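What follows is the residue order along each chain.
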Amino acid sequence: MSKCLTSWKDYYQWRCIPLHSPVALLLHWYFKPLMVYHATQLAATGNLIAEITNKLCIHYLGPKKELLQLAVFGELHALFPSVQVHIELVGPAIPESSLIRDGESIDLCSYARCIETDCMCKSSSGNMCWDVCSERTSAVTLKVHKGLYHERYRDIVKDSIPHIVIAPNAGIAAYSSWLPTIELIKELNVPAVFSDYCEEASHLASCCISAITGRPMTIPIQLNPFRQPMAVEDSALFLPCYANCFLFGI
């Protein structure tokens, strides 16, 4: 893409979406394509990954709501044009009754279907769809794995070596199950970008990660320009909280 997106406003203008559209809420609620885009840009800017040319493999940890709207992953067609994007979704919250089951793959051959006949969104054609396609040339491929990353990694890596690991709203300081996963990521020596709801949680997570890796964060704590636009209302913290509010990484 010729334009580097640095805010929701940039994205709206680039996709020709009116500013009153709730697309930012919808995209962020079910899937974080702009977070994935920004995390990858951060890693590339810091020379943590090579320049993306024709293929990008992402290990995406902890999916949940994303599984309810797989079609939204199709937006990666626009964010990474001419790139084969392969995403391994790994997490314990994947239900047995999910549309896509443990170990299964799905290819997305187009953008998510738009139900508004007069929609102003930027589209290459009027017949958008997210139909599952069998062609191996599909630009976006998803595969689901139920379980913790460090438990499933040996199975996953047989077909998929990651360029980057992304863990949205990770809550690393709150869950001890992250310890072996962070140790694994350290051994793999691949960039990993995490996010959390507030700066305090991000600071605690960064301290936990540094204690495990023995080195400071490669990507320091910073505000995510593509965080959820609306605050989390049921937070137990007396702090402003937004989904994917802060990013940090190794």
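Note: the structure precedes this text.
**Student:** What am I meant to see in the overall build of the chain here?
**Tutor:** The helix and strand tally for the chain stands at seven helices and eight strands. Taking all 250 residues of the chain together, the buried fraction comes to 49%. Long-range contacts, defined as pairs at least 24 residues apart, comprise 78% of the intrachain contacts of the chain with a sequence gap of at least 6. For the chain, the accessible surface area stands at approximately 12700 Å², while carbon and sulfur atoms represent 54% of it.

**Student:** Any chance you could explain the pattern of salt bridges here in plain terms?
**Tutor:** Once their charged atoms are close, side chains differing in charge can pair, the charge on each being opposite to the other. Going through the model one piece at a time under the given rule, you end up with five salt bridges. The partner of D159 in a salt bridge is K143, with the nearest N and O atoms 4.0 Å apart. Of this pair, D159 sits in the loop between α5 (149-156) and β5 (164-167) while K143 sits in strand β4 (residues 140-146), and the two are 16 residues apart along the sequence. Judged by relative accessible area, D159 falls into the exposed class, the value being 62%. On the accessibility criterion, K143 (17% relative accessible area) is buried. In this structure, the salt-bridge partner of K158 is D155, at a minimum N-O distance of 3.9 Å. Residue K158 is classed as exposed on the basis of its relative accessible area, which comes to 64%. Accessibility expressed as a relative area gives 39% for D155, which makes it partly exposed. Three or more residues joined by partner-sharing salt bridges are found here, namely D102, R152, D155 and K158.

**Student:** What am I meant to see in the side chain of H145 here?
**Tutor:** Relative to the assigned elements, H145 resides in strand β4. Side chain to side chain, H145 and E88 meet in a polar contact 2.4 Å long.

**Student:** Got a minute to help me understand the sheet that holds β4 in this structure?
**Tutor:** Pairing between the strands of a sheet comes from backbone hydrogen bonds, and it takes one of two forms, parallel or antiparallel. In space, the eight strands of this open sheet follow the order β3-β4-β2-β1-β5-β6-β8-β7, with mixed pairing throughout. The sheet terminates laterally at β3 (105-108) and β7 (219-223), the two strands that pair on one side only. On average, adjacent strands in this sheet sit at an angle of 20° to one another, irrespective of strand direction. Across three bridges, β7 lies against strand β8 (residues 246-249) in antiparallel orientation. Across the sheet, residue L223 finds its bridge partner in β8, namely F246. In the packing of helix α6 (residues 178-188) onto the sheet, the strands contacted are β1 (55-61), β5 and β6 (192-196), and the crossing angle to β6 comes to about 150°. Along the sheet, helix α7 (residues 199-213) makes contact with β6, β7 and β8, crossing β8 at roughly 10°.

**Student:** When you look at α5 in this model, what are you seeing that I'm missing?
**Tutor:** An α-helical segment advances 3.6 residues per turn. Residues three or four places apart therefore align on the same side. Restricting attention to buried positions, one finds in α5 the residues Y149, R152, Y153 and I156. Along α5, the residues classed as buried sweep out an arc of 135° about the axis, all on the same side. Turned more than 90 degrees off the buried face of α5, the exposed positions are E151 and R154. The elements touched by buried residues of α5 are β1, β2 (84-91), β4, β5 and α6.

**Student:** Just checking my understanding: could you explain the pairing of β1 for this structure?
**Tutor:** Within β1, six of the seven residues are buried, which leaves it mostly tucked inside the rest of the structure. Pairing between β1 and β5: three bridges, direction parallel. Bridge pairing links H59 to V165 in β5.

**Student:** Just to check I follow, could you spell out the environment of G46 for this structure?
**Tutor:** Structurally, G46 can be placed in the loop between α3 (33-45) and β1. When its relative accessible area of 45% is taken as the criterion, G46 is described as partly exposed. The spacing of G46 and P191 is 145 residues in sequence and 10.0 Å in space, taken between C-alpha atoms.

**Student:** Honestly, α3 in this entry has me stumped. Any pointers?
**Tutor:** Taking 1.5 Å per residue, 13 residues should reach 18 Å; α3 reaches 18 Å between its end C-alpha atoms and fits that length. By the criterion of burial, α3 is predominantly enclosed, with ten of the 13 residues buried. Those residues of α3 not exposed but buried are P33, L34, M35, V36, Y37, H38, A39, T40, L42 and A43. N47, located one to two residues past α3, shows a positive phi value of around 60°.

What counts and what doesn't
- Residues numbered from 1 in each chain as written.
- Predicted model: local features only at pLDDT ≥ 70, side-chain atom pairs only at ≥ 80, totals over all residues.
- Heavy atoms only, no water.
- Helix = DSSP H or I, 4+ residues; strand = E, 2+ residues; numbered from the N terminus.
- Buried < 20%, exposed > 50% of the residue type's maximum accessible area, 1.4 Å probe, protein only.
- Contact = heavy atoms within 4.5 Å.
- Areas by Shrake-Rupley, 256 points an atom, 1.4 Å probe, with all protein chains shown as cover.
- Salt bridge = Lys/Arg side-chain N within 4 Å of Asp/Glu carboxyl O.
- Polar contact = N/O pair within 3.5 Å; in protein donor to acceptor, adjacent residues only side chain to side chain.
- Pairing = 2+ DSSP bridges.
- Axes fitted to C-alpha atoms, helices over the stretch in contact; angles between N-to-C directions.
- Arc of directions from axis to C-beta.
- Expected span 1.5 Å × (residues − 1).

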